[in-house]
Amino acid sequence: MKAVVVTEFGAQPELVDLPTPEPGAGEILVRVRAAGVNPFDWKVTDGALKDSVAHSFPLVMGSDAAGVVERTGPGVTRFRPGDRVYGQFMRLIHGQGSYAEYTLAEQDSNIALIPDALSFTLAAALPTASVTAYQAVQAARLAAGHTLLINGAGGGVGQSAIQFAARAGARVLATGTPELADHLRDLGAHTVIDHTLAPTHEQVAAAYPEGIDAVVDLVTPTGGDISPMAGLLRAGSTLVSTNYATDPDALAAHDILGVNLGNRPTVETLTTLAELAASGELRVRIDAEVPLADAPAVIAKARAGHATGKTVIVP
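Residues numbered from 1 in each chain as written. Predicted model: local features only at pLDDT ≥ 70, side-chain atom pairs only at ≥ 80, totals over all residues. Heavy atoms only, no water.

J.: So what's going on with the overall build of the protein chain? Which residues, and what values?
T.: Check the secondary structure of the protein chain and you find 10 helices and 16 strands. Whereas a compact globule of 315 residues would reach a radius of gyration of roughly 20 Å, the protein chain reaches 20 Å, a difference of no more than 12%. A principal-axis box enclosing the C-alpha atoms of the protein chain has dimensions of 60 × 40 × 40 Å. For the protein chain, with 315 residues in total, the buried portion stands at 53%. By sequence separation, contacts in the protein chain at least 24 residues apart represent 68% of the contacts at least 6 residues apart. Accessible surface, the protein chain: about 13,400 Å² in total, of which carbon and sulfur atoms supply 51%. Across the protein chain, the 21 positively charged side chains and the 33 negatively charged ones have centroids separated by 4 Å. (Helix = DSSP H or I, 4+ residues; strand = E, 2+ residues; numbered from the N terminus. Rg over C-alpha atoms; globule rule 2.2 N^0.38 Å. Buried < 20%, exposed > 50% of the residue type's maximum accessible area, 1.4 Å probe, protein only. Contact = heavy atoms within 4.5 Å. Areas by Shrake-Rupley, 256 points an atom, 1.4 Å probe, with all protein chains shown as cover. Lys, Arg positive; Asp, Glu negative; His and termini not counted. Charge placed at Lys NZ, Arg CZ, Asp CG, Glu CD.)

J.: Before we move on, could you go through the environment of valine 53 and cite the residues and values that matter?
T.: Mapped onto the fold, valine 53 is located in the loop between α1 (39-45) and β4 (59-60). Sequence separation between valine 53 and valine 68 is 15 residues, and the spatial gap between their C-alpha atoms is 28 Å.

J.: Give me the sheet that holds strand β14 (residues 257-260): which residues, what numbers.
T.: Strand order in the open sheet formed by 6 strands is β11-β10-β9-β12-β13-β14, and the pairing between neighbours is parallel. A single partner strand is all that each edge strand has here, and the edge strands are β11 (191-193) and β14. Neighbouring strand axes in the sheet, compared pairwise and without regard to direction, differ in orientation by 15 degrees on average. For strand β10 (residues 171-175) and β11, the ladder comprises 3 bridges, and the chain directions are parallel. By the bridge assignment for β11, leucine 173 is matched with threonine 191. (Pairing = 2+ DSSP bridges. Axes fitted to C-alpha atoms, helices over the stretch in contact; angles between N-to-C directions.)

J.: Could you give me a rundown of the pairing of strand β13 (residues 233-241), with the residues and numbers involved?
T.: Of the strand pairs in this sheet, strand β12 (residues 212-217) and β13 are connected by 5 bridges, and their pairing is parallel. By the bridge assignment for β13, valine 215 is matched with leucine 239.

J.: Report on the pattern of salt bridges, specifying residues and quantitative values.
T.: Under the criterion given, the structure shown has 10 salt bridges. Here arginine 303 and aspartate 46 are joined by a salt bridge, their closest N and O atoms 2.7 Å apart. Of this pair, arginine 303 sits in helix α10 (residues 295-303) while aspartate 46 sits in the loop between α1 and β4, and the two are 257 residues apart along the sequence. What makes aspartate 46 partly exposed here is its relative accessible area of 39%. Between arginine 167 and glutamate 281 there is a salt bridge; the shortest N-O distance is 2.7 Å. Taken together, the positions of arginine 167 in helix α4 (residues 156-167) and glutamate 281 in the loop between α9 (267-279) and β15 (286-291) put the pair 114 residues apart, joining distant regions of the chain. Members of the salt-bridge network, linked through shared partners, are Glu27, Arg91 and Glu106. (Salt bridge = Lys/Arg side-chain N within 4 Å of Asp/Glu carboxyl O.)

J.: Quick one: what's the story with the packing of helix α3 (residues 129-139) against α9, residue by residue and with numbers?
T.: Interhelical geometry of α3 versus α9 gives an angle of 105 degrees and a closest axis separation of 10 Å. By the angle between their axes, α3 is roughly perpendicular relative to α9. Taken together, the residues of α9 that come into contact with α3 (itself represented by Ser130, Val131, Tyr134 and Gln135) are Thr269, Leu270, Thr272 and Leu273. (Parallel < 35°, antiparallel > 145°, perpendicular 65-115°, else oblique.)

J.: Got a sec to walk through helix α5 (residues 178-187)? Specific residues and values, please.
T.: All of the buried residues in α5 are Leu180, Ala181, Leu184 and Leu187. Buried residues along α5 cover an arc of 130 degrees about the axis, so they all sit on one side. Each element contacted by the buried residues of α5 is listed here: α4, β10 and β11. Positive backbone phi, at 130 degrees, marks glycine 188, one or two positions downstream of α5. (Arc of directions from axis to C-beta.)

J.: With reference to specific residues and values, describe the nonpolar core.
T.: If you look at the biggest cluster of nonpolar residues, it comprises 51 residues, and the most contacted ones within it are Tyr86 and Ile162. Among the elements that make up this core, the one with the highest residue count is α3 (6 residues). Judged by nonpolar contacts, the second largest core, of 28 residues, contains Ile28, Phe89, Ile299 and Ile313. (Core = buried A, V, L, I, M, F, W, Y, C linked by side-chain atoms within 4.5 Å.)

J.: Just give me the short version of the pairing of strand β16 (residues 310-314), but keep the residues and values in it.
T.: Of all 5 residues in β16, 4 are buried; the element is thus mostly enclosed. With 2 bridges joining them, strand β3 (residues 27-36) and β16 adopt antiparallel strand pairing. Bridge pairing links alanine 35 to isoleucine 313 in β16. As paired elements, β15 and β16 share 5 bridges and run parallel to each other. In the sheet register, alanine 288 faces β16, and the bridge partner there is threonine 311.

What follows is the structure, encoded as structure tokens:
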């Protein structure tokens, strides 16, 4: 099979031929029909997790994918050949990922069925970005009428978060460029804040001097200064960081709940998002669909810029 791999941490991705894996006990072999591209994919190959989990090389890149169950191993009862499935397929210890013609998964892992009405391309765009957005909005403890700031709303996570927050009845303040403003408003943002005009926190503080109810921060890096975002919040509110930038104890002293959120998909969440996407209630902007052979060049381009929509690899 064809696959995009790296041979060591920091190596350039390359397209190679690998043996098609055979499903073992409790495993399914999936023919990949689409693989979603996420910044996490190259952070992993740069070594982001090298101190916490063993890696095998050559390492197939990618996590998110959608496809069809080709074969099942002994003991598999949850899936059958021909099932349309999607989810996360990164198994670093085995050197396996989603940028390939075939990939393996354990039947009890983060894999769910795809409704017939949902395309493989759209399904492959959901597991990392939209799951993170869904869980971040849940963690924000929103109620109808609450005001939420999404800092970094122009990317894949932010665009999904806008939709989930609007569904919860929140007033959504979203940072984004003027070019994206109409699109973000169409997704449900009440106000789009152009962070190039003045610092985001200054604009929000001027418009809401009494404070707001929640912030979902997708921008401030680990170890960065998230205090400007915290300063926007009234007592009893919530600050969610997807980059582990909050200090929950320090925030608790000001009666603010600080949440450091990682992507933690479950079968239930994946099933819910697939149904929302199939019905059109969750929209994901697909910027490009590219063949597997072009993936190394696409990865290099993606690393150099900030995407406003999803790129999907089509083996």
